[in-house]
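Residues per chain are reported as follows:
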Amino acid sequence: MDSLNFSTSFALFLSIYLFAYLVLFRNWGPKHRAEASSSFMSLSHGTPAVLLAVRALLTAAAGGAPPLAAPNSEFQNSVLDFSAAYFVADLLHYLAFSPSDVLFILHHLATLYVFLTCRFLVGRGAYGLLELLILAEATSACQNVWSIARFRKGESAAAARLYEFLSPFFYVFYSVVRGVLAPIFMIQMVAFFAGGEARGLIPAWVWVSWMVVIVAAIAVSVMWVSSHWVGWCKERGFWGRSSDLQRSNNKVK
């Protein structure tokens, strides 16, 4: 997989971003042009990353060490390079256009820390991280189409209809993956490492720092989708009607 190295992947993602910014969304207003370009680049990363990660896991050779602490295969390292290149490219986007979006910048830096320490420092643990990558990027296609439609819904009736149609399905899908499946797998990883299965293979400070990053990422994801659920319910008056009814009852009393 020599073609799937960091430099080639970074050049690919940068080219996709520039194509989206200079061609695909050139007529969009400045507010959403860069954001839509970032989403388009993310769209080109998410599903390919899932497919590559699945292949890397299926082709991993069985060894003496448990899978979560096994040495990284060459293909697994290539997938880490591929995703790291995307996060560097998107990090540059945030630094250039949204430097005040500290949460996303920290998220990208933390993700790069996990990938790079796994890739270059310990050379182990990619198996579990790629499983998490699959969960993290499983929602990518839906999320990025939803995001682009959201950016455009004020100017396009078709985009508004697509946004309204996708929102409840996307929120449910995202909630199940990030709020249920990811925490279950994270708990299994914590139990594995805390049980000493990786002792002598992955230093404790490394896996502890990985778990801190993963727990924080899951928590932020849950808060993010929760805020969108709240907004979606308010837009449809679910809570508004409840409040109105409460106020009416208070008046009767």
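Reading guide: rules and limits
- Residues numbered from 1 in each chain as written.
- Predicted model: local features only at pLDDT ≥ 70, side-chain atom pairs only at ≥ 80, totals over all residues.
- Heavy atoms only, no water.
- Helix = DSSP H or I, 4+ residues; strand = E, 2+ residues; numbered from the N terminus.
- Buried < 20%, exposed > 50% of the residue type's maximum accessible area, 1.4 Å probe, protein only.
- Polar contact = N/O pair within 3.5 Å; in protein donor to acceptor, adjacent residues only side chain to side chain.
- Core = buried A, V, L, I, M, F, W, Y, C linked by side-chain atoms within 4.5 Å.
- Contact = heavy atoms within 4.5 Å.
- Axes fitted to C-alpha atoms, helices over the stretch in contact; angles between N-to-C directions.
- Parallel < 35°, antiparallel > 145°, perpendicular 65-115°, else oblique.
- Left-handed = near helix turned anticlockwise from the far one by under 90°.
- Nonpolar A, V, L, I, M, F, W, Y, C, P; charged D, E, K, R; others polar.
- Salt bridge = Lys/Arg side-chain N within 4 Å of Asp/Glu carboxyl O.
- UniProt positions renumbered as here; feature names shortened; annotations may be inferred.

## Some words on the environment of Arg236
Move 1: Considering the arrangement of structural elements, one finds Arg236 in the loop between α8 (204-235) and α9 (238-252).
Move 2: By relative accessible area, which is 24% here, Arg236 ends up partly exposed.
Move 3: Along the backbone, Arg236 and Tyr171 are 65 residues apart, and their C-alpha atoms lie at a distance of 15 Å.
Move 4: Engagement of the side chain of Arg236 in a polar contact is seen with the backbone oxygen of Trp232, the distance being 3.1 Å.
Move 5: Within the local environment of Arg236, its side chain forms a polar contact with the side chain of Glu235, the two groups lying 3.3 Å apart.

## So, the nonpolar core
Move 1: In this structure, Val79, Leu130, Phe193, Ile202 and Trp210 are the most contacted members of the largest nonpolar core, which totals 54 residues.
Move 2: Counting only elements with at least two residues in this core, the list comes to α1 (6-24), α2 (30-58), α3 (74-97), α4 (102-122), α5 (126-137), α7 (157-194) and α8.
Move 3: Of all the elements, α3 adds the most residues to this core, at 11 residues.
Move 4: Sequence-distant contacts of Val79, that is, excluding residues within four places in its chain, are made with Leu4, Leu52, Ala53, Ala56, Leu130 and Leu133.
Move 5: Residues Tyr163, Leu166, Phe170 and Trp232 belong to the second largest nonpolar core, which totals 10 residues.

## Quick look at the packing of α1 against α3
Move 1: The geometry of α1 relative to α3 is characterised by a closest axis approach of 8 Å and an angle of 40° between their N-to-C directions. If you check the angle between α1 and α3, you find them oblique. The two elements α1 and α3 cross, and the hand of that crossing is right-handed. Contact residues: Phe6, Ser9, Phe10, Phe13, Tyr17 and Tyr21 in α1; Asp81, Phe82, Ala84, Ala85, Tyr86, Val88, Ala89, Leu92, His93 and Phe97 in α3.
Move 2: For the contact of α1 with α3, a count of residues per class yields 13 nonpolar, two polar and one charged.

## Quick notes on the pattern of salt bridges
Move 1: Counted according to the given criterion, the structure contains three salt bridges.
Move 2: For the salt bridge of Arg119 with Asp81, the shortest nitrogen-to-oxygen distance reads 3.0 Å. Here Arg119, found in helix α4, pairs with Asp81, found in helix α3; they are 38 residues apart in sequence, far enough to count as distant.
Move 3: Overall, the relative accessible area of 22% leaves Arg119 in the partly exposed class.
Move 4: Note on Asp81: relative accessible area 9%, which makes it buried.
Move 5: Between Glu164 and Arg236 there is a salt bridge whose closest N-O contact spans 2.4 Å. Of the two residues, Glu164 is situated in helix α7 and Arg236 in the loop between α8 and α9; the sequence distance between them amounts to 72 residues.
Move 6: Each of Glu164, Glu235 and Arg236 takes part in a single network of salt bridges with overlapping partners.

## Focus: the UniProt feature "transmembrane region" (unreviewed entry) in the protein
Move 1: Mapped onto this structure's residue numbering, the UniProt feature "transmembrane region" (unreviewed entry) falls at residues 6-25, 46-65, 102-122, 169-193 and 205-225.
Move 2: Counting secondary structure, residues 6-25 comes out at 95% helix and 0% strand; the distance between its end C-alpha atoms is 27 Å.
Move 3: Between the end C-alpha atoms of residues 169-193 there is a gap of 35 Å, over a span that is 100% helix and 0% strand.

## Brief notes about the side chain of Ser42
Move 1: Along the chain, Ser42 turns up in helix α2.
Move 2: Among the residues examined, Ser42 registers a relative accessible area of 11% and is labelled buried.
Move 3: Contact partners of Ser42, with chain neighbours within four places excluded, come to Tyr86, Ser140 and Asn144.

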